[in-house]
Amino acid sequence: MKKHFILLAAVCCITSAVIAQTAQSTTTPPKNTQPISRSRVLQVDSAVVTKHNVTIKGKLIPYTSTAGCMPIWDEEGRPVAGVFYTYYERDDVTDRATRPLVISFNGGPGTPSVWMEIGYTGPRLLNIDNEGYPVQPYGIGENKNSILDVADIVYVDPVNTGYSRVVNKETPGSKFFGVNEDIKYLAEWINTFVTRKNRWASPKFLIGESYGTTRVSGLALELQNAQWMYLNGVVLVSPTDLGIERSGPVQAALKLPYFAATAWYHGALAPELQQKELTAFLPEVENFTINELIPALSRGGFIDDAQRNEMAAKMSRYSGLSEKTILQNNLDVSYNLFWKELLRDKGYTIGRLDSRYKGIDRQAGGDGPDYNAELTSWLHAFTPAINIYLRDELNYKTDLKYNMFGDVWPWDNKNNHTGENLRQAIAQNPYLHLLIQSGYFDGACDYFNAKYSLWQLDPSGRLKDRLKWEGYKSGHMMYLRKEDLAVATENLRKFIQESVPKPGTPAKY
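This is a predicted model, so every value here is computed, not measured.

Volume-wise, the largest pocket comes out at about 770 Å³. If you go around the largest pocket, you meet 35 residues; those closest to its centre are Ser 210, Thr 240, Arg 352, Ala 444 and Cys 445. Of all the elements in the fold, those that place two or more residues in the lining of the largest pocket are α4 (211-226), α11 (335-341) and α12 (373-393). Put simply, the second largest pocket is a space of about 280 Å³. In terms of lining residues, the second largest pocket is bounded by Pro 71, Ile 72, Trp 73, Asp 74, Glu 75, Lys 175, Glu 181, Lys 184, Tyr 185, Glu 188, Trp 189 and Thr 192. Mapped onto the lining of the second largest pocket, the elements with two or more residues apiece are β3 (59-73) and α3 (179-196). Considering each element in turn, the lining of the second largest pocket owes the most residues, six residues, to α3. The class makeup of the residues in the lining of the second largest pocket is five nonpolar, one polar and six charged.

Moving on: α4. Its 16 residues place the ends of α4 22 Å apart at the C-alpha level, agreeing with the 22 Å of an ideal helix rising 1.5 Å per residue. Residue Leu 219 marks the point of greatest curvature in α4, where the axis turns by about 25 degrees. Within α4, 13 of the 16 residues are buried, which leaves it mostly tucked inside the rest of the structure. The positive-phi residue at the C-terminal boundary of α4 is Trp 228, with phi of around 60 degrees.

Quick look at the side chain of Ser 46 now. In this fold, Ser 46 is placed in strand β2 (residues 46-56). The class for Ser 46 is buried, based on a relative accessible area of 2%. Separated by 3.0 Å, the side chain of Ser 46 and the backbone oxygen of Gln 43 make a polar contact.

Of the residues in the protein, 92% reach a pLDDT of 70 or more, and the chain-wide mean stands at 92. Taken as a whole, residues 1-35 scores under 50 in pLDDT and shows 58 contacts with residues more than four places along the chain or in a different chain.

What describes two packed helices is the angle between their axes and the distance between those same axes. Packing of helix α6 (residues 256-265) against helix α9 (residues 305-319) brings their axes to within 7 Å, and their N-to-C directions diverge by 45 degrees. Between α6 and α9, the angle falls in the class oblique. For the pair α6 and α9, the contacting residues are Leu 256, Phe 259, Ala 260 and Ala 263 in the first and Met 315, Tyr 318 and Ser 319 in the second. Grouping the constituent residues of the contact of α6 with α9 by class yields six nonpolar, one polar and no charged.

Along the chain, the position of Leu 231 falls in the loop between α4 and β11 (233-237). According to the relative accessible area criterion, Leu 231 is buried, its value standing at 1%. As a C-alpha pair, Leu 231 and Asn 429 span 198 residues in sequence and 7.9 Å in three-dimensional space.

What follows deals with α12. Here α12 spans 30 Å end to end across 21 residues, near enough to the 30 Å set by a 1.5 Å rise per residue. Turning to α12, its buried residues number three or more, namely Ala 373, Glu 374, Leu 375, Ser 377, Trp 378, Ala 381, Phe 382, Ala 385, Ile 386, Tyr 389, Leu 390 and Glu 393. Taken together, the buried residues of α12 touch β2, β4 (79-90), α2 (114-121), β6 (124-126), β7 (140-142) and β13 (358-359). The first or second residue beyond α12 is Asn 395, which carries a positive phi of 65 degrees.

Tallied over the entire structure, the rule returns four cavities of 30 Å³ or more. Of the voids in this model, the largest cavity is the one considered here, and its volume is about 70 Å³. Around the largest cavity, the lining residues are Ala 252, Lys 255, Leu 256, Phe 259, Met 315, Ser 319, Leu 321, Ile 326, Leu 331, Asp 332 and Val 333. Taken together, the residues of the lining of the largest cavity sort by class into eight nonpolar, one polar and two charged.

Quick notes on the rules
- Residues numbered from 1 in each chain as written.
- Predicted model: local features only at pLDDT ≥ 70, side-chain atom pairs only at ≥ 80, totals over all residues.
- Heavy atoms only, no water.
- 1 Å grid on protein atoms, 1.4 Å probe; cavity = no way out; pocket = protein on both sides within 12 Å on 5 of 7 lines; lining within 4 Å.
- Points joined across faces, edges and corners; volume = space filled by probe spheres on them.
- Helix = DSSP H or I, 4+ residues; strand = E, 2+ residues; numbered from the N terminus.
- Nonpolar A, V, L, I, M, F, W, Y, C, P; charged D, E, K, R; others polar.
- Expected span 1.5 Å × (residues − 1).
- Bend = angle between axes of the 7 residues up to and from the residue.
- Buried < 20%, exposed > 50% of the residue type's maximum accessible area, 1.4 Å probe, protein only.
- Polar contact = N/O pair within 3.5 Å; in protein donor to acceptor, adjacent residues only side chain to side chain.
- pLDDT = per-residue confidence, 0-100.
- Contact = heavy atoms within 4.5 Å.
- Axes fitted to C-alpha atoms, helices over the stretch in contact; angles between N-to-C directions.
- Parallel < 35°, antiparallel > 145°, perpendicular 65-115°, else oblique.

Right under this line is the structure:
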């Protein structure tokens, strides 16, 4: 066993030799550039550097891209995994110490950072239509809304996502695949990255989407407590529940505003509601949810028939579902049933992550869709685009498969206190600000649950001047809708600029 381990460690050392090349190009590297070796062996410590330009808000921005892999070390300093990343640095910057650094994660928990990298904040943007649907030819173009003008960005792919892999097969998955394990090893990796890239002086921001919001909420405190690294901002895009308790009547009721938004989008409401602007209509539903529905559901089976019927009628009016369906489900319609039921009479299901998308099932009957219409559409657009981009533009050539969804199961969800971790980090660090961005038509991490998390994040109310929520007329990946992409990136730009204090401002209460 010992001999086998020594041999494996030697192999890891051989494959982890740094391969750093530089290519000068705005689109593709020159022919004489030597790319990463084409093999299925993970190059644990590797990098390919290329030069590019992008026009953002009418200004030409020169930048350097680094596509590479950096190790995760065990207690003896041996590489047990390699984490793939892409790093974008603006070139015409004289003072890197004042230049913000954004560290970006996506979710799953088994997905890489592809979604926000080529769909939201990065300098290159995948080819899709104005509402986010795939189009051909597949490919990549310029992202004129990228935040690279105000911040450098690194996109991180956790273990088993993208090109990231475990290299020591004797290392158990439990070292990486869990809420707290994920946070711990990624905090160590961030420390290594920041040290290698000389970014300790830079203002730092974390941005996470979906499960990535769980990840960055936990990282905010872990970086402070275990790495002594303090942040200026955390951005949560389509946040999870962050381990904040909600159950029973609260959990049942909080779905309704999302139901209402989706029904409005599909024209399933009464004319007097349909003609209202969405953001003018939703406060009415939110007030009903908090002030009437939660108290009614709290009485359970002992609610009287008249009030039960009144609740069902109001829920039907706001959700587009029939009173019969609502009563049959004891005023608690599941997400799955809603996605199947809302457009059942028209022959369609609606998407989970983005309920603007429609699907077609084998049969109209049943209590849930056959597939996620939106996810299929996104994989259709993103998968060819990222493979083309990494190989042809960033020149990172390998025969490893780029995992859009990697095997990270079983995932340990126990002891998820990331919402409380984030609160502690904000309380301990007067510099730290929070921005939440949600899509009204997201049924996986719905906007009203995100608001609820924000309300519960700071029970004292003492921190709320540093906490902000924004809503967009799209779904989980709000940025796929071009109109929302322009607004959301501008809001990120302002958030970053406003969260960096003026020179000499002390971090104190």
